[in-house]
Amino acid sequence: MVQAHEMVMASPGDATHQVMGDFVGHWLPGVALLFWAFVWLRRLRANAGANTPQPLESSLPIIVVKILVGVIGIAVHVPPAHWPEMSRAMAWQHQSMFGPIALSGAVDLLERRGHVGPRATHTALLFAFAIIVV
């Protein structure tokens, strides 16, 4: 009997897709998320003594990248209808990881335009990392 993590199925582009993914497919996003987390932690430490709260992201290109990475990550993980339930559940898990990243970018954009306070970016980031870790 084939276990769920050993199943190989055809994707829409006729390439094979392993349910558990490959090393590069998990290593690259993981390293990128860790790097981004260290950048944010460094910025938080630099602003620790500030009397007024500072937003986490104020650079428009970085905000746009956050939104695009989240939206593209969700779009890439939409499972075809012929995938088995286990594969669709794993795709949902990946979508739920990228969604909060896009949401965090949207909150950064709202803060940049003055619609929300600077602390909202911290809350959105906390939410994104909490979802990713769980």
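Residues numbered from 1 in each chain as written. Predicted model: local features only at pLDDT ≥ 70, side-chain atom pairs only at ≥ 80, totals over all residues. Heavy atoms only, no water.

**Quick word on the side chain of Thr121**
And step 1. Relative to the assigned elements, Thr121 resides in helix α4 (residues 119-133).
And step 2. Note on Thr121: relative accessible area 0%, which makes it buried. (Helix = DSSP H or I, 4+ residues; strand = E, 2+ residues; numbered from the N terminus. Buried < 20%, exposed > 50% of the residue type's maximum accessible area, 1.4 Å probe, protein only.)

**Brief notes about helix α1 (residues 23-46)**
And step 1. With 24 residues, α1 extends 34 Å between its outermost C-alpha atoms, agreeing within 8% with the 34 Å of an ideal straight helix rising 1.5 Å per residue.
And step 2. Every buried residue belonging to α1 is among Trp36, Ala37 and Trp40, and all of these are buried. (Expected span 1.5 Å × (residues − 1).)

**Some words on the packing of helix α2 (residues 60-76) against helix α3 (residues 85-112)**
And step 1. Where α2 contacts α3, the two axes come as close as 7 Å, and the packing angle between them is 150°. Considering their axes alone, α2 and α3 lie roughly antiparallel with respect to each other. Handedness of the α2/α3 crossing: left-handed. Within the contact between the two elements, α2 uses Leu60, Ile63, Lys66, Ile67, Val69, Gly70, Val71, Gly73 and Ile74 and α3 uses Gln95, Phe98, Gly99, Ile101, Ala102, Ser104, Gly105, Ala106, Asp108, Leu109 and Arg112.
And step 2. Of the residues belonging to the contact of α2 with α3, the class tally is 11 nonpolar, 6 polar and 3 charged. (Axes fitted to C-alpha atoms, helices over the stretch in contact; angles between N-to-C directions. Parallel < 35°, antiparallel > 145°, perpendicular 65-115°, else oblique. Left-handed = near helix turned anticlockwise from the far one by under 90°. Contact = heavy atoms within 4.5 Å. Nonpolar A, V, L, I, M, F, W, Y, C, P; charged D, E, K, R; others polar.)

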